[in-house]
Every structure is written in C-alpha cells, then in structure tokens.
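Observations on the model geometry
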Amino acid sequence: MKTKTKLNLAVGLLLALILLLTILSAFYIFAIKRDTENILKANYNTLEYSRQMLSALDGLNSGNVGAIAIFEENLAKQLGNITEAGEENATMDVKRNFSGLLQNPDDLVAKANIRQGIFEVMKLNMDALKKKSELAKSTAETANWVIAIAGTLCFLIAFNLMVNLPHHIANPIRELTDSIRQIAKGNYKERVHFDSNGEFGDLANSFNVMAQKLEEFSESNLNKLLVEKKRIEALLDNMHDPVIGLDNGGTILSANEEALKVMGLTASDAIGKQASDVARKNDLLQSLIVSKPNGPAVIKIFADGKESYFERENVAISITPTGEKDAIAIGNFIILRNITAFKELDFAKTNFIATVSHELKTPIAAIKFSLKLLENPTTGSLNDDQRNLVESIADDSRRLLKITGELLEMSQLETGNIQLAMGKCAVSDIVTMAVEAVRTQAEQKRVSIATDNLEVPEIRADKDKTSWVLINFLTNAIRYSHENSGISIWAQREDQFVLLSVKDNGQGIDKNYQSRIFDRYFQVPGRSKSGTGLGLAISREFIEAQGGSIGVESNLGLGSRFWFKLPVG
Ligand code: ADP
C-alpha cells in the first residue's frame, strides 16, 4: 500500500472517530433534551392548567364572574394536552361535572367530583413526571457510558496510530540512510530489505539495483587497477635498475627482479616483510635501508658475475587524498642506478691519465735536466735570445711538471691509492717549506709574502700533503694577485684545530663560483685556463683525508682568503 494511502487512511480513520464521537454526543444530548422537553410540555403545563382550574373553582364559590371563563379556558387547554393514559377520561369527567355545575351552581357533589377529577389528572401527570425524569436520568447515564466507551476506543485507536505510523515511515528512512552511509564508505555489498510492497519497497529495489551496479563498477575498476598494477610490476621487472618500494611503516611493498637478484632474495623472502627484519640477514638491504637510509651515493655490489656499481636514489612518495589540501607521505622508492659502465669508463680514463702522466714525468725530468745543463756556463755561453728561450722552456716544463703531477695525484686519489704519513708537525715548518717553494714565482711577480702568528700547537698531519696544499694555495694566490701586492699567511687555534689562512689582495672569486672551485676540473670561467682545475680538488681530498676541513672567503676584486683546519697533534 502506498504511504500516501496509508496516511490518508490513518487521518481518515481519526476523522471518522471524531465524527462518531460527535454524532454519539449529539444524539444523547438531543435525547436528554427531548425527554426534558416532554416533561415540560406534557406534564408541567397540565399541572399549571389544573392549578388554574382549581383556583377558578374556588373563585366560583366566592361569586367571581370571570372564574367560569378562566376554568373553561384552562379546561380547553388541558383537553388539548392529553398525554398520559387515563388522563383523557379524568379530564372528560371534569368537563362533564363542570357542565353539570354550570347548570346547577349549588351542586356540591359536582364540585367535589370536579376537584376529584382535577386531582386525578394532576396525579397522573405527577407520576408521569417522575417516570420521565427517571428516563432522562437513565438516558444521561447511558450517554455517559456510550461516550466513555466510544472515547476510550477512539483514544486507543488514535494512540496506536500515533505510536505505529511514525515508526512505519521513519524506520525504512533510517535503514535507508544507514545503507547509503555504507555505500559512501565503499561497502557496495550493502542491500536494503523492506517488507512492504509500497513506495518503500520500490525505493529498496531501486537502491539495491544502484548498489549492485556500483559493485559491478567498482569490481570492473578493481580489475583495471589490477591490470595497471601488473603493468607497472612488469615495467619495474623489465628495468635493469633494482627498485625497492617501501611503505611508511618500512614494509617492503615491491622489489623488482633486479633488486631481488642483487639482494639474493626471492619475492616471498622480501615482499610484505618488514625491511628491518629482512635486513638482519641481508647486508645489502641493511646498508640500503636500515643503517644508512641516506647512505653513500655510490654502492659497490657483486652482481652479474663482477663488481658492479650502483648509485642509490631515495624517492619519497606523497599523495594528496581526495578532498584534502595537504599531501601525506605514503612511503618511498629506493632506486639503484647501475652505473657500472660509467665507472668502468671512469677507471679507464683514470688509468689512462695515470699512465700518461707517469710516462710524461720521465721525459719532462730529462728536459729539466738538459735545461740545467744548458744554463750551466761550462756547457757553453748563451746569448740573450737563447737565454730567454731557455727560460721560457724552463717555465713551460715547470708548468708541465705541475700539471702531470696534479693529474697523477688525482688519478691516485680516484683509485683510492692515497697513502698518508701522519705525524706531528710544526705549522711554521710547513709554512717555511711552502714559502720557499714559491719564492722564485713570487719574486718574478714582485709579490711579497708575509707570515704572522705561527706559534700555534703542532698539528697531526701528513707533512708533504699539507705542504702541497699550502703550496697550491700560494701558487694560486700569486697567480691571481696583482704585481707588487702582498700575500699574508697566519695561523690560529680554534678548539681542537689549528686554522691556517692564506690571504691575497687579488682578483677574488665571484660568489656564484665559490662553492664549485673545490670540484674537479673546475676553473672560474673567463680567466686564462693555464692550470688544470685540479689543485683545489686535490687539496680538499688531502685535508679531508686527514680529518680536517677546507674553505674560502672571497670578494670579487678585493681578494680571497683560503683556509684549512687540521686537528691539533
Ligand atoms: P687551477 O689549476 O686552475 O689553479 P685550482 O683548483 O687550484 O685549479 O683552482 C680552481 C680555480 O679557482 C682557478 O681556476 C681560479 O679561477 C680560482 N682560484 C683559485 N685560487 C684563487 C685565488 N687565490 N684568487 C682568485 N681565484 C682563485
């Protein structure tokens, strides 16, 4: 049944009950009214006529002329108001006796009979009055009962409607609301079941159809997602680089075949497991994830039957959930880029540079020796042009020796062949040695070198390598200083370190390049490229290998201060 019909029926029933109560009440009110009206009309009037007739009869005795007319008038009224059984006979007796009395006014018997008749009429009406009053009373009592019963029935029916009707409508709505919430949460298996065949039944059917379609839709989407997932997995598996995916809690979500191969694990050993648990038995994973999450950029692994090199990259994954503004981290990917081929090329280059620079050293030394011989007067005197040429060759061979020396030094560093002879050394010794090494160069450019405050504690360092660094600082300072300018060297203690500075008043270095000048082969653009760009890179390697640090402060056009710090010995 339709809800509208149900509501109409319920409201209609209530209206019918109200109508029934109204009709019942009206019926009984009319019944009581009719009873009391009867009493008034039928009996009370008779009593009044009888009283008038009795008083007129008394008036006859005292010779009242109008009394006859009053008696006749009331007798006529009484004759028109006969209502009770026996009343007509009694009234007719009165009439008959009154006629006799009119003919014989002294007839006392007739008078007595009239009086008797009137009393008879009065008695009849008094009895009727009593009976009717009792009837009215019983009608009122019946009315009470009937109205009370009908009222109670109406109340019970109305109460029943009041309790059940809202439930009947509200319950399906509540059930439907709950089901809609379930659907909103993605629980597409949710269905509603209403017993009724009405509108709620239709609604339930429509809802169930919708839920079923959503379920089918989500399943088809799930299928698509699964296909997409498989595609990505296949893509990752076909990559030559190992890729490991972790969630925020450190669980391994994915690892492609290459990753499993380099780790020496099977998919069931790793996928879905806590990375820290797996790493306990796997050194590579340990170094990748647990101990050094941002560990060394290049990792050496034995893979493909040889030593392979991988560059580790950690890619954090974050998503912005639908309807929200802020992104949340959901995990990360560790990608190991296989750089073995580049490393092999790099080794080949380093070996080549090492071999060439080593091989060049001997002929250059021979050239230098020959130059020394040429400069020696015993070999023969040189004219000015020849001397100039010899000096220029000596300059070039010095530069050549420096370049080959730096290249050799760098290739040794790159192959990890740095040998340190650590020991206690006085800073003043290192400074004296370095200043002596660049003295000729400084004199040629008329640059003065001043030293100051070298009374600092001894440092713990490799004397040769540290001198090498200082010589490189000084060579650069001389090279980039203006003629007739000065360079100062000073030392100071800083906690457990000694800081050595070399300050020049030369060209200075643009702020944009200051962070890069310690990189290999870097030279400030726009300047003469006489060097290799390796001097400061080697210096940094030397200083850092000794547990120190290195840096520069410079203002373009105002000069530079190069410094290094080494631990107190
Ligand atoms: P190079 O062999 O070119 O001198 P370095 O590594 O020693 O190589 O220096 C790198 C670059 O830093 C130089 O090419 C130069 O441009 C800049 N540089 C180094 N020292 C100074 C200095 N004292 N004043 C200005 N520029 C300098």
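As a starting point, this report considers the structure included with it. Everything quoted here is computed from the prediction, not taken from an experiment.

Some thoughts on the layout of surface pockets
Quantified by volume, the largest pocket comes out at close to 910 Å³. Lining the largest pocket are 26 residues, and of these Arg398, Arg399, Lys402, Gln441 and Thr475 lie nearest its centre. Elements represented by at least two residues in the lining of the largest pocket include exactly helix H10 (340–375), helix H11 (384–414), helix H12 (427–444) and helix H13 (463–479). Examining the composition of the lining of the largest pocket, we find that nine residues originate from one element, H11, more than from any other. The class makeup of the residues in the lining of the largest pocket is seven nonpolar, nine polar and 10 charged. Looking at which domains feed residues into the lining of the largest pocket, each of domain 3 (345–414) and domain 4 (420–567) supplies at least three.

Some remarks on the site of the ligand
Surveying the vicinity of the ligand reveals 21 residues, the closest of which are Asn476, Asp504, Gln523, Arg527 and Leu536. Arg527 is positioned such that a nitrogen or oxygen atom in its side chain is 2.9 Å from a nitrogen atom of the ligand. One nitrogen or oxygen atom from the main chain of Gly533 is found 3.2 Å from an oxygen atom belonging to the ligand. If the ligand stood free it would expose 530 Å²; the protein chains cover 99% of that surface. Its atoms largely coinciding with the cavity grid, the ligand occupies the largest cavity. Mapped by element, the contributors of at least two residues to the shell around the ligand are H13, helix H15 (535–545) and strand E12 (559–567). Per-element tally for the shell around the ligand: the top contributor is H13, with four residues. Per-class residue counts for the shell around the ligand are nine nonpolar, nine polar and three charged.

Things to note about the sheet that holds strand E9 (residues 486–494)
Overall, mixed pairing links the five strands, which are arranged E7-E9-E10-E12-E11 in an open sheet. Both edges of this open sheet fall to strand E7 (448–452) and strand E11 (549–555), since each of them pairs with a single strand only. Strand-to-strand twist in this sheet, taken as the mean axis angle between neighbours without regard to direction, amounts to 15 degrees. Across eight bridges, the pairing between E9 and strand E10 (residues 497–504) is antiparallel. Paired with Ala491 across the strands is Leu500, a residue of E10. The sheet contacts of H13 involve E7, E9, E10, E11 and E12, and relative to E12 the element is tilted by about 175 degrees.

What counts and what doesn't
- Residues numbered from 1 in each chain as written.
- Predicted model: local features only at pLDDT ≥ 70, side-chain atom pairs only at ≥ 80, totals over all residues.
- Heavy atoms only, no water.
- 1 Å grid on protein atoms, 1.4 Å probe; cavity = no way out; pocket = protein on both sides within 12 Å on 5 of 7 lines; lining within 4 Å.
- Points joined across faces, edges and corners; volume = space filled by probe spheres on them.
- Helix = DSSP H or I, 4+ residues; strand = E, 2+ residues; numbered from the N terminus.
- Nonpolar A, V, L, I, M, F, W, Y, C, P; charged D, E, K, R; others polar.
- Domains from an automatic or database assignment.
- Near = heavy atom within 4 Å.
- Polar contact = N/O pair within 3.5 Å; in protein donor to acceptor, adjacent residues only side chain to side chain.
- Areas by Shrake-Rupley, 256 points an atom, 1.4 Å probe, with all protein chains shown as cover.
- Sits in = over half its atoms within 2 Å of the grid points.
- Pairing = 2+ DSSP bridges.
- Axes fitted to C-alpha atoms, helices over the stretch in contact; angles between N-to-C directions.
- Contact = heavy atoms within 4.5 Å.

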